[in-house]
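Structural characterization, general
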Amino acid sequence: MTSLSTPFPYAGSDTVVIPASVPSYRRAASFRLSRIALNVFIAFSCLLAGLFIAFHAYAAYLFSYPPIVSIGSNPMLAKNLAYSDVMFPSADGVTQVEGWWIPASDSRRTVVLSHGYGTNREEPWVPMYDLASFLNGMHYNVLMFDYGYASSLHPLPATGGLSESRQLAGALQYARSQGSDELIVWGFSMGAGTALQAALQDEQVDAMILDSTFLPDEHTLYANINQYVQLPQYPTIPLLRLFLPLMGGVNLDEVPSAKAQTTAYPFPILMIHGTADDKAPVYIAENVAQAQTNGLSQLWVVPGAIHEMIYRTHTEEYVSRTVAFLESVHKKV
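The sections below set out a description of the structure shown in this document. (Residues numbered from 1 in each chain as written. Predicted model: local features only at pLDDT ≥ 70, side-chain atom pairs only at ≥ 80, totals over all residues. Heavy atoms only, no water.)

**Some points on the overall build of the protein chain**
From N to C terminus, the protein chain includes 11 helices and eight strands. Rg of the C-alpha trace for the protein chain: 32 Å, well past the compact-globule value of 20 Å for 333 residues, more than 25% over. In terms of principal-axis extent, the alpha carbons of the protein chain reach across some 135 × 40 × 35 Å. Within the span of the protein chain, comprising 333 residues, buried residues form 47% of the whole. Expressed as a percentage of contacts within the protein chain between residues at least 6 apart in sequence, the contacts between residues at least 24 apart total 73%. Looking at the protein chain as shown, the accessible area adds up to about 16,600 Å², and 59% of this sits on carbon and sulfur atoms. Distance between charge centroids for the protein chain: 9 Å, based on 17 positive and 27 negative side chains. (Helix = DSSP H or I, 4+ residues; strand = E, 2+ residues; numbered from the N terminus. Rg over C-alpha atoms; globule rule 2.2 N^0.38 Å. Buried < 20%, exposed > 50% of the residue type's maximum accessible area, 1.4 Å probe, protein only. Contact = heavy atoms within 4.5 Å. Areas by Shrake-Rupley, 256 points an atom, 1.4 Å probe, with all protein chains shown as cover. Lys, Arg positive; Asp, Glu negative; His and termini not counted. Charge placed at Lys NZ, Arg CZ, Asp CG, Glu CD.)

Next up, the structure:
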């Protein structure tokens, strides 16, 4: 007979049976819970990353296609100024530019008003109609026009001054075609930065008045986003660099922001800026002013003033300084 090496336990036997320490179903349930928690964490992380990336894509889209209100008035209704609707090509021939020509009788002096980003030729907060009236009273022709991103007939994406500088050049060419011997650009915010970019391309004028000058680069765009949402510079700046060309064709490296701030222009410039400007840092105006060698160039920094509101908050001094500058330019032309 074959004997068993390990006897079966039986009642009264001294053999001890050791139960399993953890039931297998408990181990399986714990493993399933761990996997669910991991999957939830991964899904939540992917959602946050997707929202973060989508926010930057949306920010780049808004920069390229800012919402613009429709034109609500005209020079005659607003200030009893006779005017004509005009249309002219941009200097590169890419688009047609629409505007208003406000003539001064027998005048060969013209001011081209270069409006800021996110608005049209009316730019009510400046206020542009007030300036047009005041300039026309000084016997200047005035040209008001819309940049492509504000155009209702020929809309284009905003490009930080790249295509806009060619549209401004078209406006200057139109003003010259009207017999303007003395030509001045008066720009605001990105319209001021665009004027500097146009001047880098040999668009000669007799003078510029630049209020709250904005030049887009990765630092100024990041600072503007941070006004609404606190985000880290990395990866915010790389994502903006990625999405801006996709949305509007703007490569930030093509915008000559640094060159515009360090060039000595051959004509006089009056720089106007506020220390409390949270959209365009005051160092832009200071850099431009420091680079100038023309004896008529000036810098007026207004303590506590905010973006594009200096005319409204310091009207008397604003008018006094700009009139004195225009008169000094006129004597030299």
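What follows continues from the structure just given.
**Quick word on helix 3 (residues 128-137)**
Most of helix 3 sits inside the fold, with seven of its 10 residues counted as buried. Where helix 3 is concerned, the buried positions are Met-128, Tyr-129, Leu-131, Ala-132, Phe-134, Leu-135 and Asn-136. At the exit of helix 3 stands His-139, carrying a positive phi of roughly 75°.

**Overview of the environment of Arg-241**
Examined against the element boundaries, Arg-241 turns out to sit in helix 7 (residues 233-248). For the pair formed by Arg-241 and Leu-252, sequence separation is 11 residues and the distance between their alpha carbons is 6.8 Å. The residues touching Arg-241, leaving out its near neighbours within four places in the chain, are Glu-218, Leu-252 and Asp-253.

**With respect to a nonpolar patch on the surface**
Residues Phe-44, Leu-47, Leu-48 and Leu-51 make up a contiguous nonpolar surface patch of roughly 410 Å² in combined accessible area. As for its position among the elements, Leu-48 is in helix 1 (residues 24-64). (Patch = residues over 30% accessible without salt bridge, like charges linked within 9 Å, V, L, I, M, F, W, Y side chains within 5 Å. Salt bridge = Lys/Arg side-chain N within 4 Å of Asp/Glu carboxyl O.)

**Considerations on the packing of aromatic side chains**
The tally for this structure, following the rule as stated, stands at 15 aromatic pairs. A centroid spacing of 6.1 Å and a plane angle of 25° characterise the contact between Trp-100 and Tyr-129, whose relative ring orientation is stacked. Taken together, the positions of Trp-100 in strand 2 (residues 96-102) and Tyr-129 in helix 3 put the pair 29 residues apart, joining distant regions of the chain. Residues Trp-100 and Tyr-129 agree in their burial class; the two are buried. Members of the aromatic cluster, connected to one another through ring pairs, are Phe-63, Phe-88, Trp-101, Tyr-117, Phe-145, Tyr-147, Tyr-149 and Tyr-174. (Phe/Tyr/Trp six-rings, centres within 6.5 Å; stacked < 30°, edge-to-face > 60°.)

**Quick word on helix 5 (residues 190-199)**
Burial analysis of helix 5 places 10 of its 10 residues in the buried class, which makes it a mostly covered element. Among the residues of helix 5, Met-190, Gly-191, Ala-192, Gly-193, Thr-194, Ala-195, Leu-196, Gln-197, Ala-198 and Ala-199 are the ones counted as buried.

**Focus on the sheet that holds strand 8 (residues 298-302)**
Sheet strands pair by backbone hydrogen bonding; their relative direction is either parallel or antiparallel. Pairing in this open sheet of eight strands is mixed, and the strands run 1-2-4-3-5-6-7-8 from one edge to the other. The strands lining the two open edges of the sheet, one partner per strand, are strand 1 (84-89) and strand 8. Here the strands of the sheet are splayed against their neighbours by 20° on average, with no regard to which way each runs. Bridge count between strand 7 (residues 269-274) and strand 8: five bridges; the pairing is parallel. Bridging across to strand 8, Ile-272 finds its partner in Trp-300. (Pairing = 2+ DSSP bridges. Axes fitted to C-alpha atoms, helices over the stretch in contact; angles between N-to-C directions.)

**Topic: the packing of helix 6 (residues 218-225) against helix 7**
Where helix 6 meets helix 7, the closest approach of the two axes is 10 Å, and the angle between their N-to-C directions is 110°. One element, helix 6, and the other, helix 7, form an angle in the roughly perpendicular class. Read as a crossing pair, helix 6 and helix 7 show a hand that is right-handed. Residues Glu-218, Leu-221, Tyr-222 and Ile-225 of helix 6 lie in contact with helix 7, whose contacting residues are Gln-233, Thr-236, Ile-237, Leu-240, Arg-241 and Leu-244. For the contact of helix 6 with helix 7, a count of residues per class yields six nonpolar, two polar and two charged. (Parallel < 35°, antiparallel > 145°, perpendicular 65-115°, else oblique. Left-handed = near helix turned anticlockwise from the far one by under 90°. Nonpolar A, V, L, I, M, F, W, Y, C, P; charged D, E, K, R; others polar.)

**Observations concerning the environment of Ala-37**
Assignment of secondary structure puts Ala-37 in helix 1. Residue Ala-37 is classed as partly exposed on the basis of its relative accessible area of 46%. Linking Ala-37 and Ser-152, residues 115 residues apart in sequence, is a C-alpha distance of 52 Å.

**A few points about the nonpolar core**
Counting residues in each nonpolar core, the largest one holds 52 residues, and the members touching the most others are Val-112, Leu-168, Leu-196 and Met-208. It is helix 5 that contributes the most residues to this core, six residues altogether. Residues contacting Val-112, with those up to four places away along its chain left out, are Leu-143, Phe-145, Leu-168, Ala-171, Leu-172, Ala-175, Leu-183, Ile-184, Val-185 and Trp-186. (Core = buried A, V, L, I, M, F, W, Y, C linked by side-chain atoms within 4.5 Å.)

**Some words on unusual backbone geometry**
The omega torsion across Val-126 and Pro-127 is 0°, close enough to zero to call that bond cis. For Pro-127, the position within the fold is in the loop between strand 3 (109-114) and helix 3. Here the amide bond leading from Tyr-234 into Pro-235 is cis, since omega sits at 15°, within 30 degrees of zero. With respect to the helices, strands and loops of the structure, Pro-235 is situated in helix 7. A positive phi is found at Asn-80, a non-glycine position, where the angle reads about 60°. Topologically, Asn-80 is positioned in the loop between helix 2 (75-79) and strand 1. Relative accessible area serves as the criterion here: at 62%, Asn-80 is assigned to the exposed category.

What is shown is where atoms sit, not what they do.
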